[in-house]
Amino acid sequence: EFSRPSASKSAGAPRTPSQPYRHGKGWAIRRSYKGHALFLSGFSTAAAASKAMRQRQQDIDDQQKPAGYGPERTCLAQAMQDYAMERLPFKKGAVQEARRINVYLRSAGLSLLDVQPVPSAKETPSRPAASTYVEVSLMPHQREREIPTGLGAHRRAQLTANAKTDQLRAALATTPMADISRELIQRLVDQMRKDGNSAATIDLERSALRVLFNHARSHWRWAALCDNPATHLKMPRLDNQRSR
């Protein structure tokens, strides 16, 4: 009667996937983690290979975690401020966009955006010319915008005409991102129309919100924002045709 030979830890025996093993002149490690097939090699010791694998797994975990406090604990105005600090330096229309965002920041009592153009001729080894268009910083909160001399009456008339729009905008500014619905944004759009804002102005405001929600989902990994509430709205017809 012959018995089957017991398995040994020889070179031909099955290898535990999660443990480091000899690979060429060094050490390697192979592991399947959360759908990722990981293979790291070229380490001088088994401990170094294990440490590198733990770091790689931590990187995967970090990428899956939502940035910041997430949509449930971040109001719209705070998300706008964070987005502006990240992306406006690379946008040609940063000055105009910062002006629109500051309206929300002012309503929420947050620090305002200060946007200063970057001279395109200024080039350093770490920043090629024209890689950034503006420098964005935060300045202390101001309840009201500074009005140039001679425009006081015009500004007061604007505030009166857009009073209801400003109320809705202020409510949105302090609402958590996760609680902002398509209905709330549609209400803002409709009120802007009633207050006499042009179709182009309304479209720019809607665009800023749409871009923010897309950025939050794709770059901040806010998976809870499964739907962009600034899309599929009933918008005024935008007449941007030019006479040639």
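Data block above holds the structure.
Residues numbered from 1 in each chain as written. Predicted model: local features only at pLDDT ≥ 70, side-chain atom pairs only at ≥ 80, totals over all residues. Heavy atoms only, no water.

### Here we look at the packing of helix α3 (residues 94–108) against helix α5 (residues 163–173)
Here α3 crosses α5 at 75°, and the two axes come no closer than 8 Å. Relative to α5, the element α3 is oriented roughly perpendicular. Where α3 abuts α5, its residues V103, Y104, S107 and A108 lie against R169, A170 and A173. Across the contact of α3 with α5, the residue classes tally to 5 nonpolar, 1 polar and 1 charged. (Axes fitted to C-alpha atoms, helices over the stretch in contact; angles between N-to-C directions. Helix = DSSP H or I, 4+ residues; strand = E, 2+ residues; numbered from the N terminus. Parallel < 35°, antiparallel > 145°, perpendicular 65-115°, else oblique. Contact = heavy atoms within 4.5 Å. Nonpolar A, V, L, I, M, F, W, Y, C, P; charged D, E, K, R; others polar.)

### Quick notes on α5
Of all the residues in α5, the buried ones are T165, R169, L172 and A173. Buried residues in α5, looked at end-on, bunch into an arc of 100°, giving them a common side. Among the exposed residues of α5, those oriented more than 90 degrees off its buried face are K164 and Q167. Turning to α5, the residues buried within the fold contact α2 (76–87), α3, α6 (182–194) and α7 (199–218). (Buried < 20%, exposed > 50% of the residue type's maximum accessible area, 1.4 Å probe, protein only. Arc of directions from axis to C-beta.)

### Side note on the packing of aromatic side chains
Scanning the model with the defined rule gives 1 aromatic pair in all. Arranged with centres 5.0 Å apart and planes meeting at 55°, the rings of W220 and W222 form a pair that is tilted. Over the face of the ring belonging to Y104 we find R169, whose NZ or CZ atom lies 5.9 Å from the ring centre. (Phe/Tyr/Trp six-rings, centres within 6.5 Å; stacked < 30°, edge-to-face > 60°. Lys NZ or Arg CZ within 6 Å of the ring centre and 35° of its normal.)

### Some details on the nonpolar core
Here is a general trend for soluble globular proteins: nonpolar side chains tend to be buried in one another's company. Residues L76, Y104, L113, M177 and L212 are the most contacted members of the largest nonpolar core, which totals 36 residues. Mapped by element, the contributors of at least two residues to this core are α2, α3, β4 (112–117), β5 (134–139), α5, α6 and α7. A per-element tally of this core places α2 first, with 6 residues. What L212 contacts, discounting residues up to four positions off in sequence, is L76, A79, M80, Y83, M177 and W220. One finds I29, A49, M53 and I60 within the second-largest nonpolar core, a separate group that totals 7 residues. (Core = buried A, V, L, I, M, F, W, Y, C linked by side-chain atoms within 4.5 Å.)

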